[in-house]
Amino acid sequence: MTEQGASLDDPWVKVEYAYGDSSLDPDDEDSDYQQEPYKESYKDRRRRAHTQAEQKRRDAIKRGYDDLQAIVPTCQQQDFSIGSQKLSKAIVLQKTIDYIQFLHKEKKKQEEEVSTLRKDVMALKIMKVNYEQIVKAHQDNPHEGEDQVSDQVKFNVFQGIMDSLFQSFNASISVASFQELSACVFSWIEEHCKPQTLQEIVTGVLHQLKNQLY
């Protein structure tokens, strides 16, 4: 700044105006205030790409856990031990593992039931064939053998069948309590009263009587 009353014709005043602060132009291309536009470096680009990839990975993992929690029924049940707070990833994984193990057991159980039903169907088919042969034989010779089998022989056949069934019944049934008795009876029926088992018993009894008669 010039002193008050100084003339502009003074040479020192001209120098002060020429080199003073007022001579700096912010818009001058050579001014220190002019800055180059920011250019993203290779390192910055890699860091940004890595951050984006990591975020995508975390989002994918979160969606996976959300899908598991929506699919697994036990994850949807209320767990009073943790209240209403969100299930942790560890709990979701453990419940998923438990549910998969449960499904494996159910699958094995169903396969065993299917195998048992197939055996029962096969036994029924065998009995069907035998009964068809008996009916056909009776139709071809309706009066053959009517007088050859006495009531005593019929009773012996019935007694032999019942004796065989009672042996397995007596060995399998427990009468410690009514509940245990009921359970044993149903278990015995399922195991020893299958069509194939009964057929084997009847065949054995008839074979024994045949040997006795002839």
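Residues numbered from 1 in each chain as written. Predicted model: local features only at pLDDT ≥ 70, side-chain atom pairs only at ≥ 80, totals over all residues. Heavy atoms only, no water.

Caption draft 1: Geometry of the overall build of the chain. Within the chain, the secondary structure is distributed over seven helices and zero strands. Per-residue burial over the chain gives 12% buried out of 214 residues. Of the contacts made within the chain by residues no fewer than 6 positions apart, 44% connect residues no fewer than 24 positions apart. For the chain, the accessible surface area stands at approximately 18,800 Å², while carbon and sulfur atoms represent 55% of it. (Helix = DSSP H or I, 4+ residues; strand = E, 2+ residues; numbered from the N terminus. Buried < 20%, exposed > 50% of the residue type's maximum accessible area, 1.4 Å probe, protein only. Contact = heavy atoms within 4.5 Å. Areas by Shrake-Rupley, 256 points an atom, 1.4 Å probe, with all protein chains shown as cover.)

Caption draft 2: Structural detail: the pattern of salt bridges. Per the counting criterion, the structure on display carries six salt bridges. A salt bridge links E111 to K107, with the shortest nitrogen-to-oxygen separation between them at 2.6 Å. In this pair, E111 and K107 both sit in helix α4 (residues 89-140), four residues apart, roughly one turn of the helix. Put simply, E54, R57 and R58 are held in one network by salt bridges that share partners. (Salt bridge = Lys/Arg side-chain N within 4 Å of Asp/Glu carboxyl O.)

Caption draft 3: Summary view of a nonpolar patch on the surface. The grouping of F155, F158 and M162 at the surface amounts to a nonpolar patch, some 310 Å² of accessible area in total. Counting through the fold element by element, F158 comes out in helix α5 (residues 151-172). (Patch = residues over 30% accessible without salt bridge, like charges linked within 9 Å, V, L, I, M, F, W, Y side chains within 5 Å.)

Caption draft 4: Focus on the packing of helix α2 (residues 42-71) against α4. Two elements in contact, α2 and α4, have axes separated by 10 Å at closest approach and are oriented at 50 degrees. Judged on the interaxial angle alone, α4 and α2 are oblique. In this structure, the crossing between α2 and α4 has a hand that is left-handed. Where α2 abuts α4, its residues I61, Y65, L68 and Q69 lie against K89, V92, L93 and T96. Per-class residue counts for the contact of α2 with α4 are five nonpolar, two polar and one charged. (Axes fitted to C-alpha atoms, helices over the stretch in contact; angles between N-to-C directions. Parallel < 35°, antiparallel > 145°, perpendicular 65-115°, else oblique. Left-handed = near helix turned anticlockwise from the far one by under 90°. Nonpolar A, V, L, I, M, F, W, Y, C, P; charged D, E, K, R; others polar.)

Caption draft 5: Geometry of the environment of C75. As for its placement among the helices and strands, C75 is situated in helix α3 (residues 73-76). Along the sequence, C75 and I91 sit 16 residues apart, while their C-alpha atoms lie 8.4 Å from each other. Contact partners of C75, with chain neighbours within four places excluded, come to L68, Q69, L87, V92 and K95.

Caption draft 6: The arrangement of the nonpolar core in detail. If you look at the biggest cluster of nonpolar residues, it comprises nine residues: V157, I161, L165, I173, C184, W188, I201, V205 and L209. Counting residues per element, the ones that place at least two in this core are α5, α6 (178-192) and α7 (195-213). Once you skip the residues sitting within four places of it in the chain, I173 turns out to touch L181, C184, V185 and W188. (Core = buried A, V, L, I, M, F, W, Y, C linked by side-chain atoms within 4.5 Å.)

Caption draft 7: Local environment of the UniProt feature "coiled-coil region" (unreviewed entry) in the chain. In the numbering used here, UniProt assigns the feature "coiled-coil region" (unreviewed entry) to residues 100-127. The distance separating the terminal C-alpha atoms of residues 100-127 is 41 Å; by composition the span is 100% helix and 0% strand. (UniProt positions renumbered as here; feature names shortened; annotations may be inferred.)

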